[in-house]
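# Survey of secondary and tertiary structure
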Amino acid sequence: MSRKKAVKGKGSSKSPKASPSSGRTGRGLTAAAAPSSGLVYPSRPSLSNSGEFYDIAFKVSRGILRVINRVMLVGDSGVGKTCLLVRFKDGAFLAGSFISTVGIDFRENMPHKNKVMSIDAVKVKLQIWDTAGQERFRSVTHAYYRDANALLLLYDVTNKASFDNIRAWLTEIHEYAQQDVVVMLLGNKADSTHNRVVKREEGEKLAKEFGVPFMETSAKSGLNVELAFTAVAKELKHRTMKEPDEPKFQLKEYVDKEMRTAGCCRS
Ligand SMILES: Nc1nc2c(ncn2[C@@H]2O[C@H](COP(=O)(O)OP(=O)(O)OP(=O)(O)O)[C@@H](O)[C@H]2O)c(=O)[nH]1
Ligand SMILES: [Mg+2]
């Protein structure tokens, strides 16, 4: 058994109108806290696919520890969140006309995909939630923030407004997400060299100012897509399973090193 049902059904404590600070619970889950069965149930309830609330931490399946973590893609409409998710999950690029994601009923319709990654011999399950970037769906997105363990915040290097809005997104994240949420800034559409209006250095500078890791990506070419999700998965895995004497995993250092090793760009 991998799940322990905590609170049943819809209409429980989560709602788009919930107090912004009410969900601020740290993960606070370490391997040392795990019972010998390997089943761990943290106190924070999570939302399942069906809209029910569960306590999910990690489970042992066929002798492999599988860590389940929720990653949310956020940023302005059109920056490429859906395309990034599809590239990562299916290895394909959604070319053609732009179909904006809508968030009508956040419990039923918020699109997400699961992907299991192998991190240091541990299967890390990422539950990746796509969000609607349009302003009118913002309250829907807010309701999800506090369930996120990590946020990939995207702007579009060909769209200056999407870059300028990053400060506002970071303010929202600060207001609605868990205090210890992992945040990574991604400058997407790096393949569009001719239309680029935001330099890589500008992205680096902003990320440095806010103390978050940064990389440029392309859902079209695949540039750094795998690396972005791997880095997040590594950070989440280390947080969950850190041994007392193990040095802290440094996400930013890891990203910088990987970028240097790969000459900044890899697909
Ligand atoms: N050149 C290029 N185009 C991209 C890239 N990623 C996305 N696009 C294009 O940008 C447009 C918007 O992409 P989406 O992924 O739908 O954008 P979104 O962020 O999900 O937008 P919302 O759902 O409205 O929030 C589409 O026409 C994509 O084909 C990329 O890396 N490079
Ligand atoms: Mg979308």
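Bear in mind the structure is a predicted one, so any value in this text is a computation, not a measurement. (Residues numbered from 1 in each chain as written. Chains lettered and ligands numbered in written order. Predicted model: local features only at pLDDT ≥ 70, side-chain atom pairs only at ≥ 80, totals over all residues. Heavy atoms only, no water.)

### Some points on the side chain of Ser162
If you trace the backbone, Ser162 turns up in helix α4 (residues 160–164). Not counting the four nearest positions on each side in its chain, Ser162 is found in contact with Asp76, Val79, Tyr155 and Asp156. (Helix = DSSP H or I, 4+ residues; strand = E, 2+ residues; numbered from the N terminus. Contact = heavy atoms within 4.5 Å.)

### Observations concerning the coordination of the magnesium ion (ligand 2)
Listed as protein donors to the magnesium ion (ligand 2) are Thr82 (OG1) and Thr101 (OG1); their distances from the metal cover 2.0 to 2.1 Å. Here Thr101 lies in the loop between α1 (81–90) and α2 (106–109) and Thr82 lies in helix α1, a separation of 19 residues in the sequence. (Donors = N, O, S within 2.8 Å, 3.2 Å for Na, K, Ca; no water.)

### Description of the site of ligand 1
As a structural note, the neighbourhood of ligand 1 is formed by 24 residues, with Ser77, Lys81, Ser100, Thr101 and Gly133 the closest of them. Between ligand 1 and the protein, one listed contact pairs an oxygen atom with a backbone N or O atom of Thr101 at 2.7 Å. Within the side chain of Asn188, a nitrogen or oxygen atom sits 3.3 Å from a nitrogen atom of ligand 1. For ligand 1, the protein covers 91% of the area, taking 650 Å² as the surface of the free molecule. (Near = heavy atom within 4 Å. Polar contact = N/O pair within 3.5 Å; in protein donor to acceptor, adjacent residues only side chain to side chain. Areas by Shrake-Rupley, 256 points an atom, 1.4 Å probe, with all protein chains shown as cover.)

### Description of the layout of surface pockets
Taken as a whole, the largest pocket spans an internal volume of roughly 550 Å³. Along its surface, the largest pocket is lined by 25 residues, and Gly80, Cys83, Leu94, Phe98 and Lys189 are the ones closest to its centre. Broken down by element, the lining of the largest pocket gets its largest block of residues, three residues, from α1. For the lining of the largest pocket, the class distribution of residues is seven nonpolar, 14 polar and four charged. Considering only enclosed or pocket space, the second largest pocket measures out at about 370 Å³ in volume. Contributing to the lining of the second largest pocket are 21 residues, with Gln179, Val181, Val182, Val183 and Val212 lying nearest its centre. Broken down by secondary-structure element, the contributors of at least two residues to the lining of the second largest pocket are α5 (166–176), β9 (182–188), α7 (225–241) and α8 (251–261). When residues of the lining of the second largest pocket are assigned to their parent elements, the largest contribution, three residues, is made by α5. (1 Å grid on protein atoms, 1.4 Å probe; cavity = no way out; pocket = protein on both sides within 12 Å on 5 of 7 lines; lining within 4 Å. Points joined across faces, edges and corners; volume = space filled by probe spheres on them. Nonpolar A, V, L, I, M, F, W, Y, C, P; charged D, E, K, R; others polar.)

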